[in-house]
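So the chains spell out like this:
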Amino acid sequence: LEIDDTLAEAHTCLGGLHLYYDWDRPRAASELKRAIELSPSCASAHELYALCLELMGRPDEAMAEAERAQELDPLSPVICADVGIRHYCARRYDQAIKQYHQVLEMAPAFLLAHHFLWIAYERKGMYDAAVGECQKLLSLSGYPEGGAALAEVYARLGYRAAMQEQLKKMKELSARRPSLSWDIAGIYTFLGDTERAFDWLEKAYQDRNSLLPWTKLDPRFDPLRSDPRLQDLLRRMNFGVR
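Residues numbered from 1 in each chain as written. Predicted model: local features only at pLDDT ≥ 70, side-chain atom pairs only at ≥ 80, totals over all residues. Heavy atoms only, no water.

(A) A look at unusual backbone geometry. Although it is not a glycine, W23 sits at a positive phi angle of roughly 55°. When you line up the elements, W23 lands in the loop between helix 1 (8–22) and helix 2 (25–38). At R91, a residue that is not glycine, the phi angle is positive and equals roughly 70°. Its place among the elements puts R91 in the loop between helix 5 (77–89) and helix 6 (93–106). (Helix = DSSP H or I, 4+ residues; strand = E, 2+ residues; numbered from the N terminus.)

Right, here's the structure in full:
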């Protein structure tokens, strides 16, 4: 940008860094708005700006930006999945599930779509389907045996036990993939283990986990909304309380 401050792509990348790593929403929004001004057809800028708007408590505008990004780049799995995520955060689970399936028609091995499909099914209580997506995630991550063990536990003991089994594998993987700390916190929240959920959220905070901003929006963390520790975490991230 010092060489040429009219490069929309550079403003977009900087906005993404401010959003996901610096957790500086105002600066992120400023950079992304500038990118859109310079290049209204920059799909990634619209996609990232959608998250900024949602974090500001403006979900309708966020959806409009996400849909605009999809119009501009309808073959991008990431951008199309983001439309599904907007529906998911709004608790429109059926629409989210439909969108994720459309994404997986384009990119069957796209982990993000399988991930959000898993938790959308979980939110609806569709546990057979949720376990199926967990199996696919483990298989695509190189651990098909973990998927088989998960299915066996689910068949014998049900979904809660299956999620406890999922935790074991995710903890093993988290040594090499620190980003899993946020999902581990989500599973502990589902299981009602609030203390361990906050332990892993704090680990995600210390690691500057790029997924952590979603904590403000993800329905999985609704049981923690009234806990002062979540409010404190969001304040430390400069995201405030929804």
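(B) Structural view of the pattern of salt bridges. For the structure on display, the rule yields 21 salt bridges. The salt bridge involving D24 is made with R27; its shortest N-O contact spans 3.9 Å. Among the residues examined, R27 registers a relative accessible area of 47% and is labelled partly exposed. Among the salt bridges present, the one from E54 reaches R86, with a minimum N-O distance of 2.5 Å. (Salt bridge = Lys/Arg side-chain N within 4 Å of Asp/Glu carboxyl O. Buried < 20%, exposed > 50% of the residue type's maximum accessible area, 1.4 Å probe, protein only.)

(C) Spatial organisation of the packing of aromatic side chains. The final tally for this structure, using the stated rule, is nine aromatic pairs. Relative to Y159, the ring of Y127 has its centre 4.2 Å away and its plane inclined at 15°; by these criteria the two rings are stacked. Separated by 32 residues along the polypeptide, Y127 in helix 8 (residues 127–140) and Y159 in helix 10 (residues 159–174) bring together distant segments of the chain. Ring plane angle 85° and centroid distance 5.4 Å describe the contact between Y159 and F190, whose orientation is recorded as edge-to-face. Of this pair, Y159 sits in helix 10 while F190 sits in helix 11 (residues 180–191), and the two are 31 residues apart along the sequence. Here the aromatic cluster, defined as three or more aromatic residues joined through ring pairs, consists of Y88, Y93, Y100, F116 and W214. The lysine or arginine in question, R208, covers the ring of W23, its NZ or CZ lying 4.2 Å from the ring centre. The cationic tip of R236 hangs over the ring face of Y205; the distance from NZ or CZ to the ring centre is 4.5 Å. (Phe/Tyr/Trp six-rings, centres within 6.5 Å; stacked < 30°, edge-to-face > 60°. Lys NZ or Arg CZ within 6 Å of the ring centre and 35° of its normal.)

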